[in-house]
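For reference, the chains in residue letters:
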Amino acid sequence: MVVFLNIFKSKKQDKNKTDKSNGKQVEKKTQHSQKVADRKGELGEYKIDIQLDQLPDEYRYLSDLLIENPQSKSGYSQVDHVILTPYGIIVIETKNYQGTIYGGKKRKTWSVNGKFKMMNPFIQNYGHIEAIKHIIEPRFHDHFISMVSFTKRCTFKVETDLRDIKSSEILVYDVELTEFIKRKVHVQKLIHKEPLLSEQDITSLNTILKKAHISDPAVLNKHKEALKSVVKKKTSGSAKCIVCDKPVSDKVKSYCMSNKKFDGKVYCFEHQKEMK
């Protein structure tokens with residue numbers, strides 16, 4: 001009887017060790033995936049910075065601005081890039097996805113590979129532009145141009161006018177950003193015979209935006225946590241990724257369950273790629 005109990009205890013201890021080991025493996029995988037995602041994001045921003053450094057000297061650009069926005073759910077807007085040129089204020093939203101991007105100007109949501117939804121990035125960028133308008137003079141409000149940049153790891157399946165240089169909303173790949181900015185400014189020159197912003201205007205706007213930027217890490221964390229809570233509400237009650245425990249939509253769950261290679265398990269987008 002004692003031997004039996006010892007065997008039972010031994011098996012239970014082995015199971016606990018296995019569970020703990022699996023838990024650590026899951027945690028390590030989650031941390032690794034987050035580090036990979038962060039690294040990709042850093043490389044993406046680095047490539048954008050290289051592009052922006054090639055712009056003419058009379059331009060000014062600011063990156064990663066955090067400014068107040070009473071209309072947003074967090075109370076703030078995090079603007080990836082703002083470029084001040086003599087012929088317009090270009091606001092850039094950058095995306096670090098991989099796959100085929102489906103979308104259109106009037107569609108509230110876009111998708112990656114036809115499965116994973118995201119907010120229309122031009123709607124997101126519109127919110128950023130409106131936040132900037134709150135802190136600058138009204139005479140500059142008609143001079144905004146919205147650009148959304150995706151990495152070259154994507155393929156666009158979007159409305160053709162989003163690639164039209166004459167549009168005020170332009171979709172680009174990160175590697176062609178400088179080219180599109182220069183082309184857009186050239187088009188603006190043809191339309192407006194005189195510069196829309198003087199050198200003094202550019203300097204003044206640059207100063208205003210720098211002063212409006214919130215550098216307090218606590219505020220940035222508050223902003224990020226507010227965005228996470230919005231995502232959690234949208235996915236509450238949904239299935240979770242077996243690796244990182246991240247909630248996924250019913251559509252992702254259905255896709256995983258219908259795909260034999262996932263063996264009846266549910267994986268988030270990032271961990272689906274690891275299964276390939």
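What counts and how
- Residues numbered from 1 in each chain as written.
- Predicted model: local features only at pLDDT ≥ 70, side-chain atom pairs only at ≥ 80, totals over all residues.
- Heavy atoms only, no water.
- Helix = DSSP H or I, 4+ residues; strand = E, 2+ residues; numbered from the N terminus.
- Buried < 20%, exposed > 50% of the residue type's maximum accessible area, 1.4 Å probe, protein only.
- Contact = heavy atoms within 4.5 Å.
- Areas by Shrake-Rupley, 256 points an atom, 1.4 Å probe, with all protein chains shown as cover.
- Expected span 1.5 Å × (residues − 1).
- Arc of directions from axis to C-beta.
- Pairing = 2+ DSSP bridges.
- Core = buried A, V, L, I, M, F, W, Y, C linked by side-chain atoms within 4.5 Å.
- Domains from an automatic or database assignment.
- Phe/Tyr/Trp six-rings, centres within 6.5 Å; stacked < 30°, edge-to-face > 60°.
- Polar contact = N/O pair within 3.5 Å; in protein donor to acceptor, adjacent residues only side chain to side chain.
- Salt bridge = Lys/Arg side-chain N within 4 Å of Asp/Glu carboxyl O.

Going by what an unreviewed UniProt entry lists, the chain is known as NERD nuclease and is assigned to Pontibacillus marinus BH030004 = DSM 16465.

Participant: Account for the overall build of the chain, with residues named and values stated.
Facilitator: When you go through the chain residue by residue, the secondary structure sums to seven helices and nine strands. Scored against the burial criterion, the 276 residues of the chain give a buried share of 39%. The long-range fraction of contacts in the chain, counting pairs at least 24 apart against all pairs at least 6 apart in sequence, stands at 58%. Surface summary for the chain: the accessible area is close to 16,700 Å², and the carbon and sulfur share equals 53%.

Participant: Can you tell me about helix α4 (residues 199-212), naming the residues and giving the values?
Facilitator: Given a rise of 1.5 Å per residue, 14 residues ought to cover 20 Å, and the 20 Å separating the end C-alpha atoms of α4 matches this to within 8%. Buried within α4 are the following residues: D201, I202, L205, N206 and L209. For α4, the buried positions fall inside an angular range of 130° around the axis, keeping them on one side. Relative to its buried face, α4 has exposed residues pointing more than 90 degrees away, namely E199, Q200, K210 and K211. Buried positions along α4 lie against β1 (60-68), β2 (76-85), β3 (88-95) and α2 (121-133).

Participant: So what's going on with the pairing of strand β4 (residues 99-103)? Which residues, and what values?
Facilitator: Across the five residues that make up β4, a large majority, four, are buried. Across two bridges, the pairing between β4 and strand β5 (residues 109-112) is antiparallel. Across the sheet, the residue bridging to I101 is V112, located in β5. Hairpin connection from β4 to β5: five residues lie between these consecutive antiparallel strands.

Participant: Tell me about the nonpolar core, and name the residues and values.
Facilitator: Counting residues in hydrophobic clusters, the biggest one holds 26 residues, and the most contacted among them are I101, W110, F150, F156 and L171. Breaking this core down by element, the ones donating at least two residues are β5, β6 (116-119), β7 (144-150), β8 (154-158), β9 (169-173) and α6 (250-258). At three residues, the largest contribution of residues to this core is made by β8. Split by domain, the residues of this core number at least three in each of domain 1 (38-231) and domain 2 (237-275). Setting aside anything within four residues of it in sequence, one finds L171 in contact with W110, F122, V148, F150, F156, V158, L162 and R163. Core analysis: the next-biggest nonpolar cluster, separate from the first, contains 19 residues, V82, I89, L197 and I202 among them.

Participant: Break down the packing of aromatic side chains for me, with residues and values.
Facilitator: Inspection of every chain in the model, using the stated rule, returns six aromatic pairs. A ring pair is formed by Y97 and F150, whose centres lie 6.3 Å apart and whose planes are at 35°; its orientation type is tilted. Placement of the pair is Y97 in the loop between β3 and β4 and F150 in strand β7, with a sequence separation of 53 residues. Taking relative accessible area as the criterion, Y97 reaches 28% and is therefore assigned partly exposed. Of the residues examined, F150 reaches a relative accessible area of 0% and is grouped as buried. With 5.8 Å between their ring centres and 80° between their planes, F150 and F156 make a pair best called edge-to-face.

Participant: Report on the side chain of H81, specifying residues and quantitative values.
Facilitator: Locating H81 in the fold gives a position in strand β2. A distance of 2.8 Å separates polar atoms of two side chains, one belonging to H81 and the other to S63.

Participant: If you had to explain the pattern of salt bridges to someone new, which residues and values would you point to?
Facilitator: Under the counting rule described, the total for this entry stands at eight salt bridges. In this structure, K95 engages E93 in a salt bridge whose closest nitrogen and oxygen atoms are separated by 3.2 Å. Accessibility assignment for this pair places K95 and E93 in one class, buried. D201 is paired through a salt bridge with R139; the nearest N and O atoms lie 3.0 Å apart. With a gap of 62 residues between them, D201 in helix α4 and R139 in the loop between α2 and β7 connect regions that are remote in the sequence. Through salt bridges that share partners, E137, R139 and D201 make up one connected network.

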